[in-house]
Amino acid sequence: MKVLHVDQNHPLLIEQFDQLGFENHEDYTSNKQEIEEKIKDYDGLIIRSRFTIDQEFIRKAEKLKFIGRLGAGLENIDTKTAIANDIFLASAPEGNRNAVGEHALGMLLSLFNNLNKADREVRSGIWDREGNRGLELEGKTVGIIGYGNMGKAFARKLKGFDVKDVICYDIQGGVGDENARQVGIMEFHQRCDVVSLHVPQTENTIGMVHTEFIEKFHHPIWLLNTARGKCVVTEDLVAALKAKKVLGAGLDVLEYEKSSFENMFKGENGQASQLPEAFEYLVNAQNVILSPHVAGWTFESLEKLAQTIVDKVKANFC
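Remember, it's a predicted structure, so these values are computed and weren't measured experimentally.

**Q** Quick rundown of unusual backbone geometry? Include the residues and the values.
**A** You will see that Asp86, though not glycine, has its phi angle at about 60°, which is positive. With respect to the helices and strands, Asp86 occurs in the loop between helix 4 (79-84) and strand 5 (88-90). Not every positive phi belongs to a glycine, and His293 is a case in point at roughly 55°. Given the relative accessible area of 18%, His293 is considered buried.

**Q** Pulling in residues and values, what's your account of helix 7 (residues 149-157)?
**A** Three or more residues of helix 7 are buried, namely Met150, Gly151, Ala153, Phe154 and Ala155. Those residues of helix 7 hidden inside the fold are in contact with helix 5 (93-112), strand 6 (141-145), strand 7 (165-169), strand 9 (194-197) and strand 10 (221-225).

**Q** Describe in detail the packing of aromatic side chains, supporting the description with residues and values.
**A** What the rule picks out here adds up to eleven aromatic pairs. Relative to Phe66, the ring of Phe22 has its centre 6.5 Å away and its plane inclined at 35°; by these criteria the two rings are tilted. Placement of Phe22 in the loop between helix 1 (12-19) and strand 2 (23-26) and of Phe66 in strand 4 (residues 66-69) is noted, with a sequence separation of 44 residues between them. The burial state of Phe22 is the same as that of Phe66; both residues are buried. Plain terms: the ring middles of Phe66 and Phe317 are 5.6 Å apart, the flat faces sit at 45° to each other, and that makes the pair tilted. Of this pair, Phe66 sits in strand 4 while Phe317 is found in helix 12 (residues 299-317), placing the two residues 251 residues apart along the sequence. What makes Phe66 buried here is its relative accessible area of 0%. Since its relative accessible area comes to 30%, Phe317 is described here as partly exposed. The ring of Tyr42 has Lys2 lying over it, and the distance from NZ or CZ to the ring centre is 5.0 Å.

**Q** Can you lay out the nonpolar core for me, pointing to particular residues and giving the numbers?
**A** Grouped together as the largest cluster of nonpolar side chains are 31 residues, with contacts concentrated most on Val195, Leu197, Leu237 and Leu282. Residue assignment for this core shows that the elements contributing at least two residues are strand 9, helix 9 (211-215), strand 10, helix 10 (234-242), strand 11 (246-251) and helix 11 (277-284).

**Q** Pulling in residues and values, what's your account of empty space enclosed by the protein?
**A** This model, assessed by the stated rule, comprises one cavity of 30 Å³ or more. Put simply, the largest cavity is a space of about 40 Å³. Taken together, the residues that form the lining of the largest cavity break down as six nonpolar, three polar and one charged.

**Q** Provide a residue-level description of helix 11, including the pertinent values.
**A** Listed in full, the buried residues belonging to helix 11 are Ala278, Phe279 and Leu282. Buried residues along helix 11 cover an arc of 95° about the axis, so they all sit on one side. Of the residues in helix 11, the exposed ones pointing more than 90 degrees away from the buried face are Glu277 and Asn284.

**Q** Give a description of the packing of helix 5 against helix 12 that names residues and reports values.
**A** The contact between helix 5 and helix 12 brings their axes to 7 Å, and the two run at 155°. One finds that helix 5 runs roughly antiparallel with respect to helix 12. Considering only the axes of helix 5 and helix 12, their crossing is right-handed. Where helix 5 approaches helix 12, its residues Pro93, Glu94, Gly95, Asn96, Asn98 and Ala99 are matched on the opposing element by Ser301, Lys304, Leu305, Thr308 and Lys312. Looking at the contact of helix 5 with helix 12 residue by residue, the classes come out as three nonpolar, five polar and three charged.

**Q** Before we move on, could you go through the layout of surface pockets and cite the residues and values that matter?
**A** In this model, the second largest pocket occupies a volume close to 160 Å³. Forming the boundary of the second largest pocket are Gln8, Asn9, Arg48, Trp297, Thr298, Phe299, Ser301, Leu302 and Leu305. A class-by-class count of the residues in the lining of the second largest pocket yields four nonpolar, four polar and one charged.

**Q** A description of the pattern of salt bridges should follow, citing residues and the corresponding values.
**A** Any two side chains of opposite charge can pair, on the condition that their charged atoms come close. Using the criterion set out here, one finds 19 salt bridges in the structure. Notably, a salt bridge pairs Lys157 with Glu102, separated by 4.0 Å at the nearest N-O pair. Of this pair, Lys157 sits in helix 7 while Glu102 sits in helix 5, and the two are 55 residues apart along the sequence. Looking at Lys157, the relative accessible area reads 23%, which means it is partly exposed. Several salt bridges share partner residues, and in doing so they unite Glu36, Glu56, Arg59 and Lys60 into one network.

Criteria and cut-off values
Going along each chain's sequence as written, the residues are numbered from 1 onward. Two thresholds apply to this predicted model, a pLDDT of at least 70 for residue-level local features and 80 or more for giving and counting side-chain atom pairs, whereas whole-chain, interface and lining totals are computed over all residues. Side-chain figures throughout are based on the complete set of non-hydrogen atoms in the structure, without hydrogens or water. Secondary structure follows DSSP: runs of H or I at least 4 residues long count as helices, runs of E at least 2 residues long count as strands, and numbering of each begins at the N terminus. Accessibility here uses a 1.4 Å probe with only protein chains present; expressed as a share of the type maximum, an area under 20% marks a residue as buried, one over 50% as exposed, and anything in between as partly exposed. Contact between two residues is taken to exist if any of their heavy atoms lie within 4.5 Å; hydrogens are not considered. Centre distance within 6.5 Å is the pairing criterion for rings of Phe, Tyr and Trp, where only the six-membered ring of Trp is used; planes under 30 degrees apart are then read as stacked, over 60 as edge-to-face, and the remainder as tilted. Geometrically, a charge over a ring is one whose NZ (Lys) or CZ (Arg) sits within 6 Å of the ring centre while staying within 35 degrees of the ring normal. Residue types Ala, Val, Leu, Ile, Met, Phe, Trp, Tyr and Cys, when buried and joined through side-chain atoms within 4.5 Å, form a set referred to as a nonpolar core. A cavity, in this analysis, means grid points on a 1 Å lattice covering only the protein atoms where a 1.4 Å probe fits yet has no way out; a pocket is instead an open set bounded by protein on both sides within 12 Å along at least five of seven lines, and a residue lines either one if it has an atom within 4 Å of a point. Grid points are joined across faces, edges and corners, and a volume is the space filled by probe spheres set on the points. Under the convention adopted here, Pro, Cys and the residues Ala, Val, Leu, Ile, Met, Phe, Trp and Tyr are nonpolar, Asp, Glu, Lys and Arg are charged, and Gly plus all remaining residues are polar. For this quantity, the arc is that covered by the directions from the helix axis to the C-beta atoms. What counts as an axis is a line fitted to C-alpha atoms, over the stretch in contact for a helix, and the angles between N-to-C directions run from 0 to 180 degrees. In what follows, roughly perpendicular refers to angles from 65 to 115 degrees, roughly parallel to angles under 35, roughly antiparallel to angles over 145, and oblique to any angle outside these ranges. The hand of a helix crossing depends on one turn: near helix anticlockwise from the far one by less than a right angle means left-handed, and clockwise means right-handed. The rule for a salt bridge is simple: a side-chain nitrogen of Lys or Arg has to be within 4 Å of a carboxyl oxygen of Asp or Glu.

Just distances and angles here, no functional claims.
Here is the structure:
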């Protein structure tokens, strides 16, 4: 099969496809329209997030048998149209779940111990021990929304911290395990000290964390989002931070991300774009930690993601 790679990934992907007898072509610079013009010649497509695979693209992909996405989800692919055209879809949440779990835990520990704030202050000659007195995870209840690959990985990382409880909420029943007890949404709102999002981006999850949702928690929470930026309404989060309904936030993803994350701070003409007021608040807040969508972005996950795609394609076509 002829496979087109439009994003660079770990070299093992092409190496192992070569061993399977696939013909690999690489094109990391052509725009979407140029790719559309030649996709009719390919049986497979490997992509991360460079552009969206929409209905028109799939219509032109006359021979396409599979799309491999080197990431946790398939939100940049019209999955309904792809499935209707008998295209096998492979994402790789197994490849970066451990990295996401570690990143979420790192953010939480940094927030609880004021590590980012304290680091900045000491570098500036400020030695404020009392102002940086921390919190302990012991005795806290951690709630996980979305208990799939990522949520389960985060729950595993919490073992050994003597938390009071780890609970999870998911639209699918029966997903709880020895690391997290599945509960209904009312108990979730009642008990959580920490809330960590691990959901895909869907119609149901876009904007799911908003003012009404936050107000339902019985006491203030700490919020982590290593899932998708559009799951949190940033203006409502800022309002909750100001009102101390949310005590702090660790955000690896942002509502304002574009499909090409690197261009978030640039307008169409390449000039600096006006940042939203709510995001300006987050940038300056001492109880907020931000990272550029890298929770699943480790040297190890780069290899694991590629291997996961190879394994899935091999299982279905070889």
